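Architecture and fold: a report
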Amino acid sequence: MHNYDTDNKRWDAICRRDVGADSEFWYGVITTGVYCYPSCPSRTSLRENTRFYTTREAAVRDGLRPCKRCQSDKPPLVKRQQASVEHACQLIDQSNGVLKVEQLANDLGISRFHLQKLFKQFLGLSPKQYMNAARARRVNEHLSSNMSVTQAVVSAGYDSLSAFYSEGVNRMGMTASSYKRHGKGLNIIYAYGNTSFGRIIVASTNKGICSVLFGDSQRALFEDLQERFSQATFTKDSDGLHAVVEAVTTLIENPTQAINLPLDIQGTAFQARVWKALCDIAPGTTSSYSEVARSIGEPTASRAVAQACAANPAAVLIPCHRVVSTSGAVSGYRWGVKRKEALIKRESPDE
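Presented here is a report on the structure given in the accompanying data block. This structure is a prediction, so every number in the text was calculated from the model and none was measured. Numbering of residues starts from 1 in every chain and runs along the sequence as written. Local features are withheld for residues below a pLDDT of 70 in this predicted model, meaning they are given only at 70 or higher, and side-chain atom pairs are given and counted only at 80 or more; totals for whole chains, interfaces and linings count all residues. Computation of side-chain values covers all heavy atoms of the structure but excludes hydrogens and water.

Things to note about the pattern of salt bridges
Each reported salt bridge corresponds to a side-chain nitrogen of Lys or Arg within 4 Å of a carboxyl oxygen of Asp or Glu. All chains considered together, the criterion is met by 10 salt bridges. Glu102 is the partner of Arg112 in a salt bridge, and the nearest nitrogen-oxygen pair spans 2.2 Å. Taken as a pair, Arg112 in helix α5 (residues 112-122) and Glu102 in helix α4 (residues 101-108) lie far apart in primary sequence, 10 residues in all. For Arg112, a relative accessible area of 38% corresponds to the partly exposed category. Using a relative accessible area of 40% as the deciding quantity, one classes Glu102 as partly exposed. Put simply, DSSP H or I for four residues or longer makes a helix, DSSP E for two residues or longer makes a strand, and each gets a number counted from the N terminus. Only protein chains enter the area calculation, which uses a 1.4 Å probe; residues under 20% of their type maximum are buried, those over 50% are exposed, and those in between are partly exposed.

As structure tokens, then:
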């Protein structure tokens, strides 16, 4: 057992009520006839009355019964708590309207205070914050269909457009209406560049870079840009963007170099959260889709995270190439798996 491979280490874990040891061993108290988890809140037994077991079955064979306080016949407390949070997230994600925190706590059979505590412990945010994010994500999903903005907002559980905007507009790169119009009214200038990973197109609004795309030809690059901003107007400006293209190229070739570029990255609230999390992945390291999902407080949204990565408008600036499958396999890159492998290899500290 890792870290608990001697009786002295196990006894120390019991004295510290080490939660991390709960999945490693159990201990029995021969004077009380019960077996417990190391983190059991019961009064610590005497060392000479304590026995250690690697399985529940071994404790039962010694005539011991499970402890009622730590419920040692069930999964460890932290796993039960985690399961409760995951169940709560599923109920929120599956709800069609506004789910009250009190109702959610009652459905789980726990107090509102305890529910708040568990969400903060495992997700780093409150149930209300998770609910708001889930509602905003439903709006984004509806906006991608044929619904009007009003229909999308109401269908997601908001009472009105004003309620949606007061809660979520600051988390979106553009308003819901702008998102629905695919960039209508934006004036975008663009220019091309060359990197060791292929040609790129760099596009910018008057606020900053709105897109960086890889491609095999100028025509393919421009078509990709047009598809993303189908209602925008475009102007090629190689001279005006020369310094910006040069800076982007430098960053692509040297990802550890600190270069601050003004950005105007536009997407849904959920996409923005994912893209921000991607920027926290350091060069030379990778994260799985499920790890990114957990980092933004959406443990069941691995598939949605993958979709947000696929929708990334700024290659390398938002490093979606650093996200891999749980097994570590490199897959799912909109600009080609080989290019993704090359980018990861370039950033590897062994290179």
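Moving on, there is more to tell.
Considerations on the packing of helix α3 (residues 77-94) against α4
At a minimum axis distance of 11 Å, the contact between α3 and α4 shows a crossing angle of 130°. As summarised for this structure, α3 and α4 are arranged oblique, according to the angle between their axes. When you trace α3 past α4, the crossing you get is right-handed. For the pair formed by α3 and α4, the contact residues are Ser84, His87, Ala88, Leu91 and Ile92 on the first element and Leu104, Asp107 and Leu108 on the second. Per-class residue counts for the contact of α3 with α4 are 5 nonpolar, 2 polar and 1 charged. Comment: axis = line fitted to C-alpha atoms, over the contacting stretch for helices; angle = value between 0 and 180 degrees taken between N-to-C directions. To sort the angles, those under 35 degrees are grouped as roughly parallel, those over 145 as roughly antiparallel, those from 65 to 115 as roughly perpendicular, and the leftovers as oblique. Two helices that cross are described as forming a left-handed crossing if the nearer one is turned anticlockwise from the farther one by less than a right angle, and a right-handed crossing if clockwise. Should any heavy atoms of two residues lie within 4.5 Å, those residues are counted as being in contact. When residues are sorted by character, Ala, Val, Leu, Ile, Met, Phe, Trp, Tyr, Cys and Pro go into the nonpolar class, Asp, Glu, Lys and Arg into the charged class, and all the rest, Gly among them, into the polar class.

Focus on the layout of surface pockets
The volume enclosed by the second largest pocket comes to roughly 270 Å³. A class-by-class count of the residues in the lining of the second largest pocket yields 12 nonpolar, 1 polar and 1 charged. Using protein atoms alone on a 1 Å grid, points that fit a 1.4 Å probe yet trap it form a cavity, whereas open point sets bounded by protein on both sides within 12 Å along at least five of seven lines form a pocket; residues with an atom within 4 Å of a point count as lining. Grid points are joined across faces, edges and corners, and a volume is the space filled by probe spheres set on the points.

A short note on the nonpolar core
Phe214, Val248, Val274, Leu278 and Val305 are the most contacted members of the largest nonpolar core, which totals 54 residues. Within the residue set of this core, elements represented by two or more residues are β5 (187-195), β6 (198-204), β7 (209-215), α10 (218-228), α11 (242-253), α12 (269-279), α13 (289-295) and α14 (302-310). Ignoring any residue separated from it by four or fewer positions in sequence, one finds Val248 in contact with Ile200, Val202, Ile209, Val212, Leu261 and Leu317. Counting 21 residues, the second-largest nonpolar core is a separate cluster that includes Cys36, Tyr37, Leu64 and Cys67. The nonpolar core is taken to be a set of buried Ala, Val, Leu, Ile, Met, Phe, Trp, Tyr and Cys residues, with the residues joined through side-chain atoms within 4.5 Å.

Remarks on the sheet that holds β5
Pairing between sheet strands relies on hydrogen bonds along the backbone, with the strands arranged either parallel or antiparallel. Here, strands pair whenever DSSP counts at least two bridges between them. Ordered by their spatial adjacency, 4 strands build an open sheet running β7-β6-β5-β8, and the pairing between neighbours is mixed. Only two strands of the sheet have a single neighbouring strand rather than two, namely β7 and β8 (233-236). Each neighbouring strand pair of the sheet contributes to a mean axis angle of 30°, computed without reference to strand direction. Judged from the 7 bridges that link them, β5 and β6 form a sheet pairing that is antiparallel. Each bridged residue has a counterpart across the sheet, and for Tyr192 the counterpart in β6 is Ile201.

Considerations on the sheet that holds strand β1 (residues 26-29)
An order of β3-β1-β2-β4 is seen for the 4 strands of this open sheet, with the pairing classed as mixed. Each edge of the open sheet is held by one strand with a lone partner, namely β3 (50-53) and β4 (65-66). As judged from the 4 bridges shared by β1 and β3, these two strands associate in the antiparallel manner. Considered in β3, the bridge of Val29 is made with Thr50.

A closer look at the pairing of β1
Strand residues, when the strand is regular, have side chains that alternate between the two faces of the sheet. What you see with β1 is no split at all: Trp26 and Gly28 on one side and Tyr27 and Val29 on the other are buried throughout. Where β1 lies against strand β2 (residues 34-36), 3 bridges are found, and the strand directions are antiparallel. Residue pairing across strands places Gly28 opposite Tyr35, the latter belonging to β2. Between the antiparallel neighbours β1 and β2 lie 4 residues, among them Gly33 with a positive phi of about 75°.

Points about the environment of Leu261
Inspection of the secondary structure puts Leu261 in the loop between α11 and α12. Between the alpha carbons of Leu261 and Leu317 there is a distance of 9.2 Å; along the sequence they are 56 residues apart. Contact partners of Leu261, with chain neighbours within four places excluded, come to Ile209, Ala247, Val248 and Leu317.

Observations regarding α11
Expected span of a helix, by definition, is 1.5 Å for each gap between consecutive residues, and there is one gap fewer than residues. With 12 residues, α11 extends 17 Å between its outermost C-alpha atoms, agreeing within 8% with the 16 Å of an ideal straight helix rising 1.5 Å per residue. Every buried residue of α11 is listed here: Val245, Ala247, Val248, Thr249, Leu251 and Ile252.

Section: the state of the cysteines
Our working definition of a disulfide is a cysteine sulfur pair at a distance within 2.5 Å. Applying the stated rule across the entire model yields 0 disulfides. Of the cysteine sulfurs around Cys320, a residue in no disulfide, the closest is that of Cys309, at 5.7 Å.

What to know about the packing of aromatic side chains
Here the aromatic set is Phe, Tyr and Trp, taking the six-membered ring for Trp, and pairing holds for ring centres within 6.5 Å; pairs whose planes are under 30 degrees apart are stacked, those over 60 apart are edge-to-face, and all others are tilted. Throughout the structure, instances matching the rule amount to 8 aromatic pairs. An angle of 75° between the planes, with centres 6.1 Å apart, marks the rings of Phe25 and Phe52 as edge-to-face. You can see Phe25 sitting in the loop between α1 (7-15) and β1 and its partner Phe52 sitting in strand β3, a full 27 residues away along the chain. Here Phe25 and Phe52 have matching classes, each one buried. Pairing Tyr333 with Trp335 gives two aromatic rings, centres 5.4 Å apart and planes at 75°, and the pair type is edge-to-face. The class for Tyr333 is buried, based on a relative accessible area of 7%. The class of Trp335 is buried, set by a relative accessible area of 7%.

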